[in-house]
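Examination of the molecular architecture
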Amino acid sequence: MRRMKVLVARRLPDGVEARMSALFDAALNPGDAPMPRTALIEALADSDVLVPSVANPVDAALLESAGPGLKLVANFGVGVDNIDLDAARTRGIAVTNTPGVLTEDTADIALALMLMAARRLGAGERTLRAGAWRGWGPTDQLGTSLTGKRLGIVGMGRIGQALALRARALGMHIEYHSRHRVEADVEARLEARFEPDMDAMLRQANFVSLHAPYSAATHHLLDRRRLALVGPHAFLINTARGAIVDEEALIERLETGAIAGAGLDVYTNEPHVDPRLLALENVVLLPHLGSATVETRTAMGMKVVENILALQEGRELPDRVA
Ligand code: 8YV
């Protein structure tokens, strides 16, 4: 059996790289140096498999310039919006992702952002670190409770459901809007109500959390009109993809207090973060770390390995998306 030539664009956890080296003819990136496009194209000419991540756009031109040997793009990540799936299909290149293993950690970060934004934890910590805390005060640093509030989840896949479970433990009322209504027993277990009218859900929610994949269909799903439905008492949480929200419209609403606040882990032009967001006290900003735990990043890498191994052994690819 021929060992697959695998080009790994970014440094991966040690255990994953060790397994890749044991199973494949793997070209690793131990220094994690950004691979310029020209270097990537050059290396691709002699590769069976490319392992990119969200930080590596795999567009039609890149796929076209890859040699005819490229068989698989095994994405390190569940979202595949960095890859031109149509171009891959056209060229007969398979695409896989890493579903399931980052569900819990990403839902944890969505919950953390809800707590941080509503309880003003970032602002509180900044006050303390600046040496500006004058001591406890009965009306100081008041935030908003989560218990008893309405959470509107947009996209009720694995991560949306994992957030619902957490929010239920906090005594929140859960509504969701999704392309597909989940099974009745899942709704019952999560005590989640399906709202077919997203606008109605946005109007009523105290928290809106986004868990839809990014695609042409979800680009600016929360556009200026929909953002205007989210009230001044409500917080927007985004751990999915930045461009699901019209960031410009969101910033305007945050600046005027038309929306209470936001908790963001993702941005439209990562790693660029709009300086107006940095200046706002009512937003919590994280650097796309939803899945950033040793356990999850290792599990993601092992999923990548499983998919490449399946190709090498001529089996069906377990996580094929194109
Ligand atoms: C990853 C993510 O860190 O998997 C995803 O879709 O957004 C993140 O959890 C990143 O995409 C890795 O490529």
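Since the structure is predicted, the reported quantities are computational estimates derived from the model, not experimental observations.

**Description of the packing of helix α5 (residues 103-118) against helix α7 (residues 158-169)**
As a packed pair, α5 and α7 sit with axes 8 Å apart at the nearest point and diverge in direction by 55°. Taken together, the axis directions place α5 and α7 in an arrangement best described as oblique. Taken as a pair, α5 and α7 cross one another with a handedness that is right-handed. Of the residues in α7, those touching α5 at T103, E104, T106, A107, D108, A110, L111 and M114 are R158, I159, A162, L163 and R166. A class-by-class count of the residues in the contact of α5 with α7 yields seven nonpolar, two polar and four charged.

**Notes on the side chain of N56**
Mapped onto the secondary structure, N56 falls in the loop between β3 (49-51) and α3 (60-65). Excluding residues that lie within four positions of it along the chain, N56 makes contacts with A9, R10 and N82.

**With respect to the pattern of salt bridges**
This model, assessed by the stated rule, comprises 24 salt bridges. For R10, the salt bridge identified is with D32, shortest N-O distance 2.8 Å. In this pair, R10 sits in the loop between β1 (5-8) and α1 (14-23) while D32 sits in the loop between β2 (25-27) and α2 (37-44), placing the two residues 22 residues apart along the sequence. Classification of R10 by relative accessible area gives partly exposed; the value is 30%. Judged by its relative accessible area of 28%, D32 falls in the partly exposed class. Linked through salt bridges whose partners overlap, the residues forming this network are R150, E175, R193 and E195.

**With respect to unusual backbone geometry**
Residue P271 is bonded to the preceding E270 through a cis peptide linkage, with omega at 5°. Residue position: P271 is located in the loop between β11 (261-264) and α12 (275-278). We note that R120 has phi near 55°; this positive angle belongs to a residue other than glycine. Here R120 shows up in the loop between α5 and α6 (121-129). Despite not being glycine, E191 has its phi angle at roughly 50°, a positive value. Its location among the elements puts E191 in the loop between α8 (184-190) and β8 (192-194).

**As for the pairing of strand β10 (residues 235-238)**
Of the two faces of β10, the one holding F235 and I237 and the one holding L236 and N238 are both buried throughout. Direction of pairing for strand β9 (residues 207-210) relative to β10: parallel, over a ladder of four bridges. The residue bridging V208 from the neighbouring strand is L236, located in β10. Here four bridges tie β10 to β11, and the two strands are oriented parallel to one another. Bridge pairing in β11 links F235 to G261. Handedness of the β-α-β unit built from β10, helix α11 (residues 247-256) and β11 comes out right-handed.

**A word on a nonpolar patch on the surface**
Among the surface-exposed residues, L128, W133 and W136 lie close enough to one another that they form a single nonpolar patch of about 450 Å² accessible area. As for its position among the elements, L128 is in helix α6.

**Describing the domain arrangement of the protein**
As far as domains go, the protein holds domain 1 (5-99 + 294-313) and domain 2 (103-285). Residue-level contacts link six residues of domain 1 with four residues of domain 2. Across the domain 1-domain 2 interface, the total number found is one salt bridge. Across the pair D81 and R241 runs a salt bridge whose closest N-O atoms are separated by 3.0 Å.

**Focus on the sheet that holds β1**
Strands sit in the order β2-β1-β3-β4-β5 across an open sheet of five strands; the sheet is parallel. With partners counted over all chains shown, the strands left at the sheet margins are β2 and β5 (94-96), one partner each. Direction aside, neighbouring strands of the sheet carry axes that sit 20° apart on average. Sheet topology places β1 next to β2; three bridges connect them, and they run parallel. Bridge pairing in β2 links L7 to A27.

Conventions adopted
Residues numbered from 1 in each chain as written. Predicted model: local features only at pLDDT ≥ 70, side-chain atom pairs only at ≥ 80, totals over all residues. Heavy atoms only, no water. Axes fitted to C-alpha atoms, helices over the stretch in contact; angles between N-to-C directions. Helix = DSSP H or I, 4+ residues; strand = E, 2+ residues; numbered from the N terminus. Parallel < 35°, antiparallel > 145°, perpendicular 65-115°, else oblique. Left-handed = near helix turned anticlockwise from the far one by under 90°. Contact = heavy atoms within 4.5 Å. Nonpolar A, V, L, I, M, F, W, Y, C, P; charged D, E, K, R; others polar. Salt bridge = Lys/Arg side-chain N within 4 Å of Asp/Glu carboxyl O. Buried < 20%, exposed > 50% of the residue type's maximum accessible area, 1.4 Å probe, protein only. Pairing = 2+ DSSP bridges. Right-handed = clockwise from strand over helix to strand, strands pointing away. Patch = residues over 30% accessible without salt bridge, like charges linked within 9 Å, V, L, I, M, F, W, Y side chains within 5 Å. Areas by Shrake-Rupley, 256 points an atom, 1.4 Å probe, with all protein chains shown as cover. Domains from an automatic or database assignment.

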